Amino acid sequence: MKIRILLSIVGLGFLAACSAGSGNNLDTQEEKIRQMISEMTLEEKIGQMQQVNDGFFGDDEATKQAIREGKVGSFLNMIEPDRIAEFQKVAIEESKHGIPLLFGRDVIHGFRTIFPIPLGMASSWEPELAEKAMRIAAIEASSMGINWTFAPMMDVSWDPRWGRIAEGCGEDPLLTSEFAVAMVKGFQGDLNDPTAVAACAKHYVGYGMSEAGRDYNTTYIPEPLLRNVHLRPFKAAADAGALTFMSAFNDLNGVPTSGNEFTLKTILRDEWGYKGMVVSDWGSIEEMINHGFAADKKQAAGIAVKAGVDMEMATTCYADNLAQLIKDGAISEEQINDRVANIIRVKMEMGLFKKPYNSFVSADTILAPSHLEMSREVARKSMVLLKNNNSTLPLSKNIRSLAVIGPLADAGRDQLGTWIFDGNGDDSTTPKQAFGEILGSRMNYVDGLEYSRDKSTKGFAQAIAAAKNSDAVLFFAGEESILSGEANARGIIDLPGIQTELIAELKKTGKPLILVVMAGRPLGIGAEMDMADAVLYAWHPGTMAGPAVADLIFGDFSPSGKLPVTFVKGAGQIPFYYYRKNTGRPATENDVVYIDDIPRDSKQLSLGFKSMHIDYGVTPLLPFGFGLSYTEFKYENLKLSSGEMSKDGSITLSADIRNVGNFEAEEIVQLYVHDKVGSITRPIKELKGFKKINLKPGDKTTVNFDLNAKDLQFFNGDAYVIEPGDFEVWIGPNSDEGLKGTFVLK
Ligand code: BGC
């Protein structure tokens, strides 16, 4: 590996900062920070609070001059390592206080080596994998000079219409929390190491609940839901040492989250004692004007500073107005000092004063073979087998011929998914390439449709002919990356274009029909699932999509992913999440009267007075936690160490899992709890633990879970409580099935 050593003047800025002081022994970091701030002018402090996009100040000379004058604390979207080093050098050596700069970038699920979208990674239910993946992302990004990423995104969402559902870890607060922590650890690694990249817990908070999935939209989240669900991943990330937070775009209960004292001050600072730095989202301070929460940029700046936003991204409400706001007496310089202290603290924690130039950088780390291998492994483990009738899968590599059809079979850029600033479609191995390599001329490839929204049937005949001439059909369905991600909300969540029509034509050939779906959201694919013999949900799998799909289709590995989000039957069923409440009139499938069965002349007042849809029924398409395997696992022998738990105690639960099929495979064993009666109503199920096991055919293992009374705590509107009473508990393969037991919390 070639190591390029950039200018490395260790500790200059830090020493300069200290020696600029009174010569006192400044032994704690806090004293050093306060000393430094006491020596800064107000303009220099406000400068630290400004983050700008590359090019904001003009050309590089103008940029250097702005840095010298202390007008900026951070840049985003600057990635050339030499240029970054040069600017950093100016900050350290030529600005008055030698405070290093943060260089931020959206490194969301990989830098050049792209891993599956976060929703895909979450489907692995293996946070350790996400940690390894994000470590690789940090190694690659830091080699380009990046020392801060705006990730992980940990917005819990119940809405597949929302394009950014791709970027999160699904609907569950526990699963999301575990992935958030793992990603924070992966990005930050060892802060003393030059490859450390500061993480950013975003978007704080509630952003995933935007109305109807329209991005940036209003959110109403009652405090119990906020605390029991949406805040949890953020608390976990803060506890795991996430150095920064990002305030969000959304209006939360009438107060925009970038000016929300309740979430930013009361909860984050006062309750959690968070000492890191909060950056606004892009323009989110200024957008408080559009929200109707501030009359102008000046008022917006005052609101954000008071709430506790330390750094402003992209816009200049702070730079233009903070000095005047102090003069007006609307805010105090002490408030500014507190904001700046958080910024300098992060720079110190990152060790930037000691290793300001990210001195060991290597361009050769990009797309290293080990990175690609990890990308393939994560992709493989993120795919979820949704259907496999009559063991259609796996296919034999000796298959006489295989039709590979569909708009997503050879879309190197689109298989990478959303939020890829630095990913490159040319680096991708597509399914067409991977299957071609394995099958050679035995692969009959036809695109059938040029892209997912293509409405032309001109490729149908060729696709049907290829299917007829093959032993099986592999159709790559889905949506391109542009159809999910920021701002890219869909009201209809079905397969776009006329993919369904083509699938129906392929079905008519009578050949085994396998769908591989690549998408950034859980699509409404009920009709397509009915037609197909097997369905593998691949999300947007990243650079190594092709080899990873081939690994599973040909049975080198069994699929092992499980859904981190409920699959709905159609958009009208949204929201539908597994930890919903029971309601006063819960319906079972037996209660459902379907619309087609209602007599034409029915004079009934109601169809049963139950909570249901007369078209969708009462069940989703697929439940949270669902995923099949090439083998079959049998769950038996649920044991609880005791039927009683004390208020500060715990019990151990166990079940035996046996591989009763013919394939070695991994299984994700899940623990759910139902608190039967509460001081506020409780969800019908809550995930309390999960474990991944690997079993050979015929083998059995006992899976243990420790459940602590603390795990049963919830916020009831007044306080966090652990309430005595009856609980149901399940150990099972998904949120819908499992071995059931009960215990009493005394
Ligand atoms: C997004 C953030 C992102 C930021 C910087 C915003 O539009 O909401 O998630 O980090 O841009 O690119």
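Definitions and cut-offs
- Residues numbered from 1 in each chain as written.
- Predicted model: local features only at pLDDT ≥ 70, side-chain atom pairs only at ≥ 80, totals over all residues.
- Heavy atoms only, no water.
- Axes fitted to C-alpha atoms, helices over the stretch in contact; angles between N-to-C directions.
- Helix = DSSP H or I, 4+ residues; strand = E, 2+ residues; numbered from the N terminus.
- Parallel < 35°, antiparallel > 145°, perpendicular 65-115°, else oblique.
- Left-handed = near helix turned anticlockwise from the far one by under 90°.
- Contact = heavy atoms within 4.5 Å.
- Nonpolar A, V, L, I, M, F, W, Y, C, P; charged D, E, K, R; others polar.
- Near = heavy atom within 4 Å.
- Polar contact = N/O pair within 3.5 Å; in protein donor to acceptor, adjacent residues only side chain to side chain.
- Areas by Shrake-Rupley, 256 points an atom, 1.4 Å probe, with all protein chains shown as cover.
- Salt bridge = Lys/Arg side-chain N within 4 Å of Asp/Glu carboxyl O.
- Buried < 20%, exposed > 50% of the residue type's maximum accessible area, 1.4 Å probe, protein only.
- Domains from an automatic or database assignment.
- Disulfide = S-S within 2.5 Å.
- Pairing = 2+ DSSP bridges.
- Expected span 1.5 Å × (residues − 1).
- Right-handed = clockwise from strand over helix to strand, strands pointing away.
- Core = buried A, V, L, I, M, F, W, Y, C linked by side-chain atoms within 4.5 Å.

Whenever I open this one, the packing of helix H9 (residues 223-230) against helix H11 (residues 261-271) confuses me. Can you help?
Describing two packed helices takes the angle between their axes plus the distance from one axis to the other. At a minimum axis distance of 14 Å, the contact between H9 and H11 shows a crossing angle of 55°. Regarding the angle of H9 to H11, the classification is oblique. Like other packed secondary-structure pairs, H9 and H11 cross with a definite hand, here right-handed. For the pair H9 and H11, contact is made by Glu223, Leu226 and Arg227 and by Phe262, Thr263, Ile267 and Glu271, respectively. Of the residues in the contact of H9 with H11, the class split is three nonpolar, one polar and three charged.

Which parts of the structure should I look at to understand the site of the ligand?
Inspection of the region around the ligand gives 13 residues, with Asp106, Arg164, Lys202, His203 and Asp281 positioned closest. The separation between an oxygen atom of the ligand and a polar side-chain atom of aspartate 106 is 2.4 Å. In the model, an oxygen atom of the ligand is placed 2.6 Å from a nitrogen or oxygen of the aspartate 281 side chain. Here the ligand, which alone exposes 310 Å², has 93% of that area covered by the protein.

How should the pattern of salt bridges be read in this particular structure?
Two side chains carrying opposite charge are able to pair once their charged atoms lie near each other. If you walk through the whole model with that rule in mind, you get 53 salt bridges. Aspartate 328 is paired through a salt bridge with lysine 298; the nearest N and O atoms lie 2.7 Å apart. Of the two residues, aspartate 328 is situated in the loop between helix H14 (317-327) and helix H15 (333-349) and lysine 298 in helix H13 (residues 297-307); the sequence distance between them amounts to 30 residues. Here lysine 298 falls in the partly exposed class, since its relative accessible area comes to 27%. In this structure, arginine 400 engages aspartate 471 in a salt bridge whose closest nitrogen and oxygen atoms are separated by 2.8 Å. Within this pair, whereas arginine 400 is found in the loop between strand E13 (384-388) and strand E14 (402-405), its partner aspartate 471 is found in the loop between helix H18 (460-468) and strand E16 (472-478), the two being separated by 71 residues in sequence.

Teacher, can you tell me more about the domain arrangement of the protein chain here?
Reports often express the size of an interface as the amount of accessible area lost when the parts come together. Annotation of the protein chain at the domain level lists domain 1 (4-362), domain 2 (375-553), domain 3 (577-619) and domain 4 (633-745). Taken over C-alpha atoms, the centre of domain 2 sits 35 Å from the centre of domain 3.

What exactly am I supposed to notice about the state of the cysteines here?
Formally, a disulfide is one covalent bond, and it connects the sulfur atom of one cysteine to the sulfur atom of another. Applying the stated criterion to the full structure yields zero disulfides. Cysteine 169 takes part in no disulfide bond, and the closest cysteine sulfur to it belongs to cysteine 200, at a distance of 15 Å. On the basis of relative accessible area, cysteine 169 is assigned to the buried category, the value being 2%. Taking the relative accessible area as the measure of exposure, cysteine 200 reaches 0% and is therefore buried.

How should the packing of helix H8 (residues 173-188) against helix H10 (residues 232-239) be read in this particular structure?
In contact at an axis separation of 8 Å, H8 and H10 are set at 30° when each is read in the N-to-C sense. The angle between H8 and H10 falls in the class roughly parallel. Crossing handedness for the pair H8 and H10: right-handed. In this structure, H8 contributes Pro173, Leu174, Thr176, Ser177, Ala180, Val181 and Val184 to the contact, and H10 contributes Arg232, Pro233, Ala236 and Ala237. Here the residues of the contact of H8 with H10 sort into eight nonpolar, two polar and one charged.

Before we go on, may I ask you to explain the sheet that holds strand E6 (residues 200-204) in this structure?
Strand pairing in a sheet relies on backbone hydrogen bonds, with the paired strands running either antiparallel or parallel. Strand order across the open sheet formed by three strands is E6-E7-E10, with parallel pairing between neighbours. Since the sheet does not close on itself, it has two edges, and those belong to E6 and strand E10 (277-279), each with one partner. Strand-to-strand twist of the sheet, defined as the mean angle between neighbouring strand axes without regard to direction, takes the value 25°.

Just checking my understanding: could you explain H15 for this structure?
One turn of an α-helix holds 3.6 residues; hence residues three or four places apart share an orientation. Compared with the 24 Å implied by 1.5 Å per residue over 17 residues, the 24 Å span of H15 between its first and last C-alpha is a close match. Burial within H15 is extensive, with 12 of its 17 residues counted as buried. Listed as buried for H15 are Ile336, Asn337, Arg339, Val340, Ala341, Asn342, Ile343, Ile344, Arg345, Val346, Lys347 and Met348. Following H15 by one or two positions, glycine 351 adopts a phi angle in the positive range, close to 75°.

Help me out: how do you make sense of unusual backbone geometry in this one?
When glycine is set aside, most residues are seen to have a negative phi, and most peptide bonds are trans. The residue after tyrosine 204, namely valine 205, is reached through a cis peptide bond having omega 0°. Tracing the backbone shows valine 205 in the loop between E6 and H9. Residue proline 394 follows leucine 393 across a cis peptide bond; omega there is 0°. Here proline 394 is to be found in the loop between E13 and E14.

Looking at this structure, I do not really get helix H21 (residues 545-553). What am I missing?
For H21, a buried count of nine out of nine residues is recorded, marking the element as mostly surrounded by other parts of the structure. Along H21, the positions that sit buried rather than exposed are Ala545, Gly546, Pro547, Ala548, Val549, Ala550, Asp551, Leu552 and Ile553. Taken together, the buried residues of H21 touch helix H16 (369-382), helix H17 (431-439), E16, strand E17 (513-518) and strand E18 (534-537).

Where do I start with the pairing of strand E15 (residues 443-446) in this structure?
The two faces of a sheet get side chains in turn, since along a regular strand they alternate between them. In the sheet, E14 pairs with E15 via four bridges, with the strands oriented parallel. Opposite valine 404, over in E15, you have tyrosine 445 as the bridge partner. For the crossover that starts at E14, traverses H17 and ends in the parallel E15, the hand is right-handed.

Which parts of the structure should I look at to understand the nonpolar core?
A general feature of soluble globular proteins is that nonpolar side chains tend to end up buried together. In this structure, Tyr204, Phe245, Leu322 and Ile344 are the most contacted members of the largest nonpolar core, which totals 112 residues. Here the element with the most residues in this core is helix H7 (residues 127-142); it accounts for eight residues. Excluding anything up to four places from it in sequence, leucine 322 contacts Ile46, Met49, Ala301, Val305, Cys317, Ile331 and Ile336. In this structure, Val446, Val473, Ala519 and Met529 belong to the second largest nonpolar core, which totals 45 residues.

Just to check I follow, could you spell out the sheet that holds strand E28 (residues 737-745) for this structure?
Strand order in the open sheet formed by five strands is E20-E28-E27-E22-E23, and the pairing between neighbours is mixed. A single partner strand is all that each edge strand has here, and the edge strands are strand E20 (644-645) and strand E23 (686-695). When strand E22 (residues 665-675) meets strand E27 (residues 725-734), the two strands line up antiparallel, connected through six bridges. Across the sheet, residue histidine 674 finds its bridge partner in E27, namely glutamate 728.

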